[in-house]
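What follows is each chain in one-letter form.
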Amino acid sequence: MLDSWRWISSDAAPPKMSPRSTGPSGLSSWTRKCLLMSPELEDFDFFAMFTSKSKSVTGRPDVSTITPWLTPIVWEGTYDLTVIDNIYKQQNITVALTVFALGKYVRFLKDFLESAEQHFMVGYRVHYYLFTDRPDEVPAVTLGDGRQLTVIKTETSNRWQEISLRRMEKIENLIEKELTDKADYIFSLDVDCKFYAHWGAESLGDLVGVLHAGFFGKSRKEFTYERRPESQAFIPFEEGDYYYGGAVIGGRLDKVHKLTKTCRMQLDVDRANHIEAVWQEESHLNKYFLYNKPSKMLSPEYLWDETKGKPSYMKVVRCSQVVKNYAEVRPNP
């Protein structure tokens, strides 16, 4: 939606954004007019986040809360959940959540599902789609009303890189063959994640990405983009704005389908040329987001790294990747 917004006049220029936006109080009247002129306010919660007078919207002068292209970055204190829920619950939406548990990674399923039942989109209809090569080892987890689990048996691989590379294709096919009339939004998360706090409708948008905890606050030159021109994921050193985590993608079905299809096609080209991007599908995701900006960005609250402790800007950890011995759970180095 954001890339189709119209400026006030042909000679108008976007406002200059400081690197550390002041959040709700930092939106100028110019920006508010731009928001109101949007021909498509399907993601009205963006406007609600920055105009609400609720005490829960405190502002975040310590972090950036909006991108140069006016996409909100969701942090604790930047949205009014009551306003957002009033919008989305009227729409009676269903959220699909895909998760891949192959090989020894099936051991993380119980914590993932149980914690998701406590914190992920509580009060909304959620349909988990679990891809696994070990359906007999899927734990029995009690699901809440309006929530269901579908297990999809899939092939495994003796390379974790190959498992990672094929996720885009499987999500693409799932949307095409199964989800068109069954869900409104879709998220895909890594199974070795655990939810610790509320993750709700404030995360919904046309196309959603998450800021990678390991690169938050770092300069572009430190980002581990794919730097080889031979790869379709190639990003030159002078380009790029954020580094996105591949463990979380989300959005409306059509937007996520376009993302996964494009990344899958680029992955196929690389495969034919006998090259594998440095971080597999995450590298291709970052290339896609460079030229197809997310309409909403989730802060590292939504994909934290437990090894980094809890800096002062992390008011809450909503979801974090579990600390583990990669050499023990992965099928290969």
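Since the model is a prediction, treat every value here as computed from it, not as a measurement.

As a further point, take the UniProt feature "binding site: Mn(2+)" (unreviewed entry) in the chain. In the numbering used here, UniProt assigns the feature "binding site: Mn(2+)" (unreviewed entry) to Asp190 and Asp192. Take Asp190: it is sitting in strand S5 (residues 185–190). The exposure class assigned to Asp190 is buried, which follows from its relative accessible area of 15%. Beyond its immediate sequence surroundings of up to four residues, Asp190 is in contact with Val99, Phe112, Arg167, Ala247 and Gln321.

Inspection of the entire model under this criterion finds 23 aromatic pairs. Aromatic pair Phe187 and Trp199: ring centres 5.8 Å apart, planes at 90 degrees, arrangement edge-to-face. On the criterion of sequence distance, the pair formed by Phe187 in strand S5 and Trp199 in the loop between strand S6 (193–195) and strand S7 (207–211) is long-range, its members being 12 residues apart. In this structure Trp199 comes out as buried when scored by relative accessible area, which is 0%.

In this structure the tally under the stated criterion is 18 salt bridges. Between Glu76 and Arg318 there is a salt bridge, with the nearest N and O atoms lying 2.5 Å from each other. With Glu76 in the loop between strand S1 (73–74) and helix H3 (81–91) and Arg318 in the loop between strand S10 (304–305) and strand S11 (319–321), this residue pair connects regions lying 242 residues apart in the sequence. Residue Glu114 is joined to Lys110 by a salt bridge in which the shortest nitrogen-to-oxygen separation is 2.7 Å. You can see Glu114 and its partner Lys110 sitting in helix H4 (residues 109–119), four residues apart, about one turn around the helix. Judged by relative accessible area, Lys110 falls into the partly exposed class, the value being 39%. In the salt-bridge network here, residues are joined through shared partners; they are Arg60, Asp62, Glu76, Glu301 and Arg318.

With that out of the way, let us pick up the packing of helix H7 (residues 253–272) against helix H8 (residues 280–291). How two helices sit against one another is set out by the angle between their axes and by the gap between those axes. Where H7 contacts H8, the two axes come as close as 10 Å, and the packing angle between them is 125 degrees. Looking at the two axes, H7 sits oblique to H8. H8 is crossed by H7, and the crossing has right-handed handedness. Where H7 approaches H8, its residues Lys258, Leu259, Thr262, Cys263, Gln266, Leu267 and Asp270 are matched on the opposing element by His284, Leu285, Tyr288 and Phe289. Broken down by class, the residue content of the contact of H7 with H8 amounts to six nonpolar, three polar and two charged.

Rules behind the numbers
Residues numbered from 1 in each chain as written. Predicted model: local features only at pLDDT ≥ 70, side-chain atom pairs only at ≥ 80, totals over all residues. Heavy atoms only, no water. UniProt positions renumbered as here; feature names shortened; annotations may be inferred. Helix = DSSP H or I, 4+ residues; strand = E, 2+ residues; numbered from the N terminus. Buried < 20%, exposed > 50% of the residue type's maximum accessible area, 1.4 Å probe, protein only. Contact = heavy atoms within 4.5 Å. Phe/Tyr/Trp six-rings, centres within 6.5 Å; stacked < 30°, edge-to-face > 60°. Salt bridge = Lys/Arg side-chain N within 4 Å of Asp/Glu carboxyl O. Axes fitted to C-alpha atoms, helices over the stretch in contact; angles between N-to-C directions. Parallel < 35°, antiparallel > 145°, perpendicular 65-115°, else oblique. Left-handed = near helix turned anticlockwise from the far one by under 90°. Nonpolar A, V, L, I, M, F, W, Y, C, P; charged D, E, K, R; others polar.

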